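Spelled out, the chains give:
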Amino acid sequence: LTPNQSASLARNYAAHPAQVTITLAPSSAQWRIYPSASAPGGAWQASGATVGGLAPGSYAIEYSAFAGYTAPAAETVTLAAGQAASYNRSYAPQPAEVTVTLSISPAQWRIAPVGAPSGQWNNSGAAVTGLTAGTYTIEYSGWLGYDSPPTEDVTLAPGQALVLSRTYAPRPAH
C-alpha cells in the first residue's frame, strides 16, 4: 500500500463441525441422528459409531427396535461448533413368559430359577409372566397311575414367550 491508501480485509470463518458417538447395550442395536426440524431419516449406525461433520444446532436421535428389548426414548440434543458428544444408552430387556399345557388337566407344573427354591404350582394352560432372561427349572406334579414328564431346564431370552406341551404316560396295569 502507498501512503494515504487503505485496504479492507474480510474473512469468513466456518464453524468447526460437531460429532456424536453413541454406544448401546446390547451392542448389536442401532441408532440414527438427523436435524430435529427434519422428517425422521438418516442412516442407521452401529453401536460405537461416530457421525461427524454436523453443523451446530439441534438434532434428533432415534434408536432402532430390537427383539426382546424396549428401545431408549428418542431424544433431542443441541450441538455446539466443534463439540464431540458421546452418549451411552441401554435397552431395557422385556420380560419373558412360559405357558405349559399338560395332557392331564388336573396335573400341575411349577417353574423357578435353576438352584432356587421351587415356585408355586400352576394349572395346565397357565402362563407365568414377568420372568427375567435366564435358566429355569420346570417341575411337573405326580398323578396316580401316570409317569410325570421329567423335570427340565429351559433358558429364556428377553421377551421370549415359551409354550410347552407335556404328556403324562399311563403306567401299565399290574
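Preceding this paragraph is the structure being described.
Fair warning: this is a prediction, and the values are worked out from it, not measured in the lab. (Residues numbered from 1 in each chain as written. Predicted model: local features only at pLDDT ≥ 70, side-chain atom pairs only at ≥ 80, totals over all residues. Heavy atoms only, no water.)

With that settled, consider the environment of threonine 101. As for its placement among the helices and strands, threonine 101 is situated in strand S10 (residues 96-102). Sequence-wise, threonine 101 and arginine 166 are 65 residues apart; in three dimensions their C-alpha atoms are separated by 6.4 Å. Apart from the residues lying within four places of it in its own chain, the contact partners of threonine 101 are Ser124, Gly125, Leu164, Ser165 and Arg166. (Helix = DSSP H or I, 4+ residues; strand = E, 2+ residues; numbered from the N terminus. Contact = heavy atoms within 4.5 Å.)

Read from one edge to the other, the open sheet built from four strands follows the order S3-S2-S5-S7, with strand pairing classed as antiparallel. Of all the strands in the sheet, the pair left with one neighbour each is strand S3 (45-46) and strand S7 (75-79). Sheet analysis places strand S5 (residues 57-63) next to S7, joined by five bridges and oriented antiparallel. Paired with alanine 60 across the two strands is threonine 76, which belongs to S7. (Pairing = 2+ DSSP bridges.)

If you walk across this open sheet you meet the three strands as S4-S1-S8, and the pairing is mixed. The open sheet is flanked by strand S4 (50-54) and strand S8 (84-90), the only strands paired with a single partner. Averaged over all adjacent pairs, the angle separating strand axes in this sheet is 20°, with direction ignored. Alignment of strand S1 (residues 18-25) against S4, held across three bridges, turns out to be antiparallel. By the bridge assignment, alanine 18 is partnered in S4 with leucine 54. (Axes fitted to C-alpha atoms, helices over the stretch in contact; angles between N-to-C directions.)

Before going further, it helps to examine the pattern of salt bridges. Scanning the entire structure with this criterion turns up five salt bridges. The closest approach of N and O atoms between arginine 166 and glutamate 152, which form a salt bridge, is 2.8 Å. Separated by 14 residues along the polypeptide, arginine 166 in strand S17 (residues 161-166) and glutamate 152 in strand S16 (residues 152-156) bring together distant segments of the chain. (Salt bridge = Lys/Arg side-chain N within 4 Å of Asp/Glu carboxyl O.)

With that settled, the discussion passes to the side chain of glutamine 45. Relative to the helices and strands, glutamine 45 resides in strand S3. Separated by 3.2 Å, the side chain of glutamine 45 and the backbone oxygen of alanine 43 make a polar contact. If we skip the residues at most four places from it in the chain, glutamine 45 touches Ala29, Gln30, Trp31 and Val51. (Polar contact = N/O pair within 3.5 Å; in protein donor to acceptor, adjacent residues only side chain to side chain.)

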